[in-house]
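Per-entry structural report
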Amino acid sequence: MKTKLKVKRHGGVALLFSTLVMMGCVQPETLLPPEETHTIDNVDATRFIEIINKQPHQLAAFKEKVKDKHVFYERTRLYTNADYGLTFFIPYGDEGSSTIMGGIYYPIENKTTEGNIVTLKDILRSPHFVDENKINNSIPITKRFLYSHDFADLERQGCICDKSLLQYEFLKDTAISIGEKDLPKTRFPHVGPDEERVELTLSVSARSTRQNGNIIYGLSQPTLLEWLGDVFGNAGIKMYYCDVRLRSYSFEIRIPYSLLSYSEHQTKNFITSVCENLVRKADTKFFHLQIQYTYTIYERRREHGPSPIKHEGGSVDNVTNSSKTGSVVTPKKEKESYTYTEIEENCNEFIDPSIIKYQVSTMVDDLFSAKEQKGSTYRYIPFSEFVDISSKNLNYEYSIAADDLDGEISINPVHTDKNPFNSTTYTGRSTVFSVHSHVNMLPPSPRDLEQICNIAADFQGQPKYKATMVYIPQDSTFYSLIITDRDKAAKFSERLKGEIDNNNSFIEKGIFQDLLIKNKCSYENLNKIDKELIKLALVIKLMDGGISIVKHSRKNGKATQIYDVSPLKTKRGVNIYKPIKCQ
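Worth saying up front: this structure is predicted, and the values here are computed from it rather than measured.

Overview of the overall build of the protein chain
Across its full length, the protein chain holds 14 helices and 25 strands. In the protein chain, which comprises 583 residues, the share counted as buried stands at 51%. Restricting to contacts in the protein chain with at least 6 residues of sequence separation, those with at least 24 account for 67%. Element-wise, carbon and sulfur atoms account for 49% of the exposed surface of the protein chain, whose accessible area totals about 27400 Å².

Quick notes on the pattern of salt bridges
By the definition in use, this model includes 33 salt bridges. Among the salt bridges present, the one from Asp 230 reaches Lys 281, with a minimum N-O distance of 3.5 Å. Here Asp 230, found in helix H7 (residues 221–234), pairs with Lys 281, found in helix H8 (residues 264–284); they are 51 residues apart in sequence, far enough to count as distant. Taking relative accessible area as the criterion, Lys 281 reaches 21% and is therefore assigned partly exposed. Close ionic contact of Glu 532 with Lys 535 constitutes a salt bridge, the shortest N to O distance being 3.8 Å. Taken together, the positions of Glu 532 and Lys 535, both in helix H14 (residues 528–542) and three residues apart, correspond to about one turn of that helix. The structure contains a network of salt bridges with shared partners spanning Arg 77, Asp 150, Asp 153 and Arg 156.

Description of the side chain of Asp 403
Position of Asp 403 among the secondary structure elements: in strand E18 (residues 399–405). It turns out Asp 403 is buried and unbridged, and the closest side chain with the opposite charge, Lys 464, is 8.8 Å from it. For Asp 403, the side chain forms a polar contact with the side chain of Asn 412, separated by 3.1 Å. Engagement of the side chain of Asp 403 in a polar contact is seen with the side chain of Thr 431, the distance being 2.8 Å.

What about the packing of helix H11 (residues 446–457) against helix H12 (residues 486–496)?
At a minimum axis distance of 7 Å, the contact between H11 and H12 shows a crossing angle of 125°. Classified by the angle between their axes, H11 and H12 sit oblique to one another. Handedness of the H11/H12 crossing: left-handed. Counted together, Leu 449, Glu 450, Cys 453, Asn 454, Ile 455, Ala 456 and Ala 457 of H11 and Arg 486, Ala 489, Ala 490, Phe 492, Ser 493 and Leu 496 of H12 form the full contact between these two elements.

Quick word on H12
Residues of H12 that are buried: Arg 486, Ala 489, Ala 490, Phe 492, Ser 493, Arg 495 and Leu 496. Residues of H12 that are buried in the fold lie against helix H5 (132–137), H11, strand E22 (477–483), helix H13 (511–518), H14 and strand E23 (547–553). For H12, the N-terminal cap is Asp 485; the gap from its side-chain oxygen to the backbone nitrogen of Asp 487 is 3.2 Å. Downstream of H12 by a residue or two, Gly 498 has a phi angle that is positive, lying close to 75°.

What about a nonpolar patch on the surface?
Among the surface-exposed residues, Tyr 240, Tyr 241 and Leu 259 lie close enough to one another that they form a single nonpolar patch of about 360 Å² accessible area. Of note, Tyr 240 is situated in the loop between H7 and strand E11 (243–247). Among the residues examined, Tyr 240 registers a relative accessible area of 64% and is labelled exposed.

Some remarks on the packing of H13 against H14
Where H13 contacts H14, the axes come no closer than 10 Å and their chain directions differ by 115°. Between H13 and H14, the crossing angle belongs to the class labelled roughly perpendicular. As for the relative orientation of H13 and H14, their crossing is right-handed in sense. For the pair H13 and H14, contact is made by Phe 512, Leu 515 and Leu 516 and by Lys 535, Leu 538, Val 539 and Leu 542, respectively. Tallied by class, residues from the contact of H13 with H14 come to six nonpolar, no polar and one charged.

Topic: unusual backbone geometry
The phi angle at Asp 122 is positive, at roughly 60°, despite the residue not being glycine. In this fold, Asp 122 is placed in strand E5 (residues 117–124). We note that Phe 286 has phi near 70°; this positive angle belongs to a residue other than glycine. Owing to a relative accessible area of 44%, Phe 286 belongs among the partly exposed residues under this scheme.

What about the confidence of the model for the protein chain?
Per-residue confidence for the protein chain gives a mean pLDDT of 83, with 85% of residues at or over 70. A low-confidence stretch, residues 172–193 stays under pLDDT 50, and its non-local contacts, those more than four residues away or across chains, total 70 contacts. Contacts for the low-pLDDT stretch residues 320–336, under 50 throughout, to residues beyond four places or in other chains number 39 contacts.

Concerning the sheet that holds strand E24 (residues 559–569)
One open sheet holds the nine strands; their spatial order is E15-E25-E24-E23-E22-E21-E20-E18-E19, and the pairing between them is mixed. Whereas interior strands pair on both sides, the edge strands pair on one side only; in this sheet they are strand E15 (344–345) and strand E19 (408–411). The strands touched by H11 within the sheet are strand E20 (431–437), strand E21 (467–472), E22 and E23, with E22 carrying the most contacts at an inclination of about 40°.

Digging into the pairing of strand E12 (residues 250–256)
The element E12 is extensively covered by neighbouring structure, given that six of its seven residues are classed as buried. Relative to E12, E11 runs antiparallel, the two being bridged by five bridges. Pairing of Leu 246 across the sheet is with Phe 251, part of E12. Count of turn residues in the E11/E12 antiparallel hairpin: two residues, of which Ser 248 carries a positive phi of about 55°.

Observations concerning the packing of aromatic side chains
Geometry of an aromatic ring pair is reported as the spacing of the ring centres plus the angle between the planes. For the coordinates displayed, the defined rule picks out 22 aromatic pairs. Connected via pairs of aromatic rings, a cluster forms that spans Tyr 84, Phe 89, Tyr 105, Tyr 147 and Phe 151. Over the face of the ring belonging to Tyr 79 we find Arg 77, whose NZ or CZ atom lies 4.5 Å from the ring centre.

Comments concerning the side chain of His 436
If you trace the backbone, His 436 turns up in strand E20. Judged by its relative accessible area of 4%, His 436 is buried. Among the polar contacts listed, one links the side chain of His 436 to the side chain of His 438, at a separation of 3.2 Å. When residues no more than four places from it in sequence are discounted, the contact partners of His 436 are Phe 386, Glu 397, Tyr 398, Ser 399, Asp 448, Thr 468, Met 469, Val 470 and Tyr 471.

What about the nonpolar core?
Membership of the largest hydrophobic core comes to 62 residues, with the highest contact counts inside it found for Phe 151, Leu 449, Phe 492 and Ile 547. The element that contributes the greatest number of residues to this core is H14, accounting for eight residues. Look past the residues within four positions of Phe 492 in its chain and what remains in contact with it is Leu 449, Cys 453, Phe 512, Val 539, Ile 540, Met 543 and Gly 545. By size, the runner-up hydrophobic cluster in this structure holds 35 residues, among which are Ile 253, Ile 255, Ala 282 and Leu 289.

About the criteria used
Residues numbered from 1 in each chain as written. Predicted model: local features only at pLDDT ≥ 70, side-chain atom pairs only at ≥ 80, totals over all residues. Heavy atoms only, no water. Helix = DSSP H or I, 4+ residues; strand = E, 2+ residues; numbered from the N terminus. Buried < 20%, exposed > 50% of the residue type's maximum accessible area, 1.4 Å probe, protein only. Contact = heavy atoms within 4.5 Å. Areas by Shrake-Rupley, 256 points an atom, 1.4 Å probe, with all protein chains shown as cover. Salt bridge = Lys/Arg side-chain N within 4 Å of Asp/Glu carboxyl O. Lys, Arg positive; Asp, Glu negative; His and termini not counted. Polar contact = N/O pair within 3.5 Å; in protein donor to acceptor, adjacent residues only side chain to side chain. Axes fitted to C-alpha atoms, helices over the stretch in contact; angles between N-to-C directions. Parallel < 35°, antiparallel > 145°, perpendicular 65-115°, else oblique. Left-handed = near helix turned anticlockwise from the far one by under 90°. Patch = residues over 30% accessible without salt bridge, like charges linked within 9 Å, V, L, I, M, F, W, Y side chains within 5 Å. Nonpolar A, V, L, I, M, F, W, Y, C, P; charged D, E, K, R; others polar. pLDDT = per-residue confidence, 0-100. Pairing = 2+ DSSP bridges. Phe/Tyr/Trp six-rings, centres within 6.5 Å; stacked < 30°, edge-to-face > 60°. Lys NZ or Arg CZ within 6 Å of the ring centre and 35° of its normal. Core = buried A, V, L, I, M, F, W, Y, C linked by side-chain atoms within 4.5 Å.

Below, the structure written as structure tokens:
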């Protein structure tokens, strides 16, 4: 789309320049010519372009920043951002691409009346460019949902966004554990040693749903504070008992723990209800809210002063709050009604399942047909040698690498580190796949997932690599992680860094562990093997990891199954994931 605009712009500028030379005057530089501005058909985009055209320094800097980008002006939105207040949100992508890779957040100075009617001051402040790197490394996890949600909204409108921009959308409608280093920095004064309390931070983004000609509606801070006081009061706590600070559209609220009956459970229910009811109240006033909240409970233990005993957070927005009342509700654990005791057979939800199953079957056949080869400096083994060694000694994990030599699969000698897990596998430029044994009889582990994603990122060193296979010596079952999209798998390797502990599990309070806890209804009632398969499938699905999970058994003939999860909406609009397989 920008290419088309660019062609038009050059023609328009050339024609305009010729006209001006003839007239003997100078035309000010503009972002887009007027004829293109009017074809965008987005009133917020038109406002932004008209305002930036009046600020030569901002205009020059902006054009320099976006000179190699495709700017989606037609998707521009003016809304209230939790960090920047009233802001133009303008998505962009790479030149010549229709995929959105980030967004420009351009705050604008304004005046808002008591009726939440906005007058723009035609003064833009410094822009903020947000891409997947900014979301993952600069924006605290306590606000990442709000930014991912902006891009998720674009996808709901039919746009295509880079999946890494959407990964924190899963935080919606769930509680997450917050590490102490990730807590928001509050500005409360020093708290006395006897004061037990709950420190709550609410970060709020708002968008008006009202249309009335050229009138702009924006949520003012006093209005938001008034609504917050109402929902606190409805929940039984008067705001004047609390210490409240406001920083842009983030509230820092200190609540005496005594008002919450010194109960962690009651505290959690109170905060969730307040957020849900604040969203509902705003909805009745024609504003769509997104809220990300964080709270810390400070409790006194014996003779010591209050210390933090719990950090938690979550997110709420209008999509899952269909009720328009302001009544206080206790959140129901609806996910308990959506638990699965078995994996549903559903091949229709897979993309090209027959191709993936054929790849795995072929690789296993290649293993069994591989022949022993010897030379003065090399030796390749038959697969039976690996089977024999790994089956006779179940104390250690063993590994092999399968290389493609002149179109034939040759198996490198068996290796072991003499450990019961995490044996090293030596792979290289000719390696097509590797196999290692699991003496615990479990499917691929988080470390196996990280290993194949790291190899996927090594385009030059290991260009032929397709799969990591786990062999179960006790029953001759194969579990395979297959690369289906190498670029996605390579990107996924970055997400996995630092997320796996020494016990080969996702770290506690990490992104993936929080994701699994939120979606445990997908796997918690499955058998031990299926549970591990679906947990890994969840992580891959929600992070768009470019990997498929396949099971192959030769016990009773050849049986091959692919495992995945499929998104499903509950009656409340909550996203859950149904475990599925295709045989």
